[in-house]
Amino acid sequence: MGPIDYLVVEFPGNRMTGEGLPLLVDLVDRGLIRILDLTFIRKDADGSVIALEIGDLTGDGALDLAVFEGASSGLLGQDDLQEAAAALEPGNSAGVLVYENVWAAPFAAALHRGGAELVASGRIPASVVMAALDSTEATS
C-alpha cells in the first residue's frame, strides 16, 4: 500500500463549483491515487457542524458527485470531522479527502526489497516552495 494522505478543502460561503472534480477523477482513473474517504461537512454560523451526504450536494445538478458515492473506508471518524471543522470559518463548508498514493506502492516495495528503509518523510507547503523559487529567480 502507498502512503495515505488527507486534505481538508474549505469552500467559503458553501460555494462548491466542482471545477476540481474532473481532475480528481482523472488521478483515480490514471491509477495515481485511490480515494479511501470523501465526505463533506458544513460549519454553521453558531459553530455547529453538520456532515453532508454526497447526494445532497448536487443541488441544481451542476455538481456531479455520484462517482464518489460510497467512498468510505472507515478511517474518518467523528473526531476527525470535528478536528477538520475546527479549521473552518463559520458559514463555510469543506470536503475531507483521504487518499492512497497508489503510484508510490511499487516504488516503496522495490526499495524495501533492496534493503532500504524509509527514515523520514514530510511535505513542504506550496507557499514555501513558491517563495524559494521566487527568491532564486530574483537573484539570478
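Note that this is a predicted model, so its numbers are computed, not measured. (Residues numbered from 1 in each chain as written. Predicted model: local features only at pLDDT ≥ 70, side-chain atom pairs only at ≥ 80, totals over all residues. Heavy atoms only, no water.)

1. Digging into the environment of Ile41
Point 1. Relative to the helices and strands, Ile41 is located in strand 2 (residues 34-43).
Point 2. Counting along the chain gives twelve residues from Ile41 to Glu53, while the straight-line C-alpha distance between them is 8.7 Å. (Helix = DSSP H or I, 4+ residues; strand = E, 2+ residues; numbered from the N terminus.)

2. Some points on the sheet that holds strand 1 (residues 4-11)
Point 1. Taken together, four strands build an open sheet; the order of strands is 1-4-2-3 and the sheet is antiparallel. Where the open sheet ends on each side, the last strands, each with one partner, are strand 1 and strand 3 (49-52). Each neighbouring strand pair of the sheet contributes to a mean axis angle of 25 degrees, computed without reference to strand direction.
Point 2. Across four bridges, strand 2 lies against strand 3 in antiparallel orientation. Each bridged residue has a counterpart across the sheet, and for Ile41 the counterpart in strand 3 is Ala51.
Point 3. Taken strand by strand, helix 2 (residues 78-86) contacts strand 1, strand 2, strand 3 and strand 4 (92-100), and its axis lies near 60 degrees from that of strand 2. (Pairing = 2+ DSSP bridges. Axes fitted to C-alpha atoms, helices over the stretch in contact; angles between N-to-C directions. Contact = heavy atoms within 4.5 Å.)

3. Some words on the pattern of salt bridges
Side chains that differ in charge, positive against negative, can pair when their charged atoms come close.
Point 1. The full count for this structure, using the stated rule, is four salt bridges.
Point 2. Close ionic contact of Glu100 with Arg34 constitutes a salt bridge, the shortest N to O distance being 2.9 Å. With a gap of 66 residues between them, Glu100 in strand 4 and Arg34 in strand 2 connect regions that are remote in the sequence.
Point 3. Here Arg34 falls in the partly exposed class, since its relative accessible area comes to 39%.
Point 4. Asp44 is the partner of Arg42 in a salt bridge, and the nearest nitrogen-oxygen pair spans 3.0 Å.
Point 5. Judged by its relative accessible area of 22%, Asp44 falls in the partly exposed class. (Salt bridge = Lys/Arg side-chain N within 4 Å of Asp/Glu carboxyl O. Buried < 20%, exposed > 50% of the residue type's maximum accessible area, 1.4 Å probe, protein only.)

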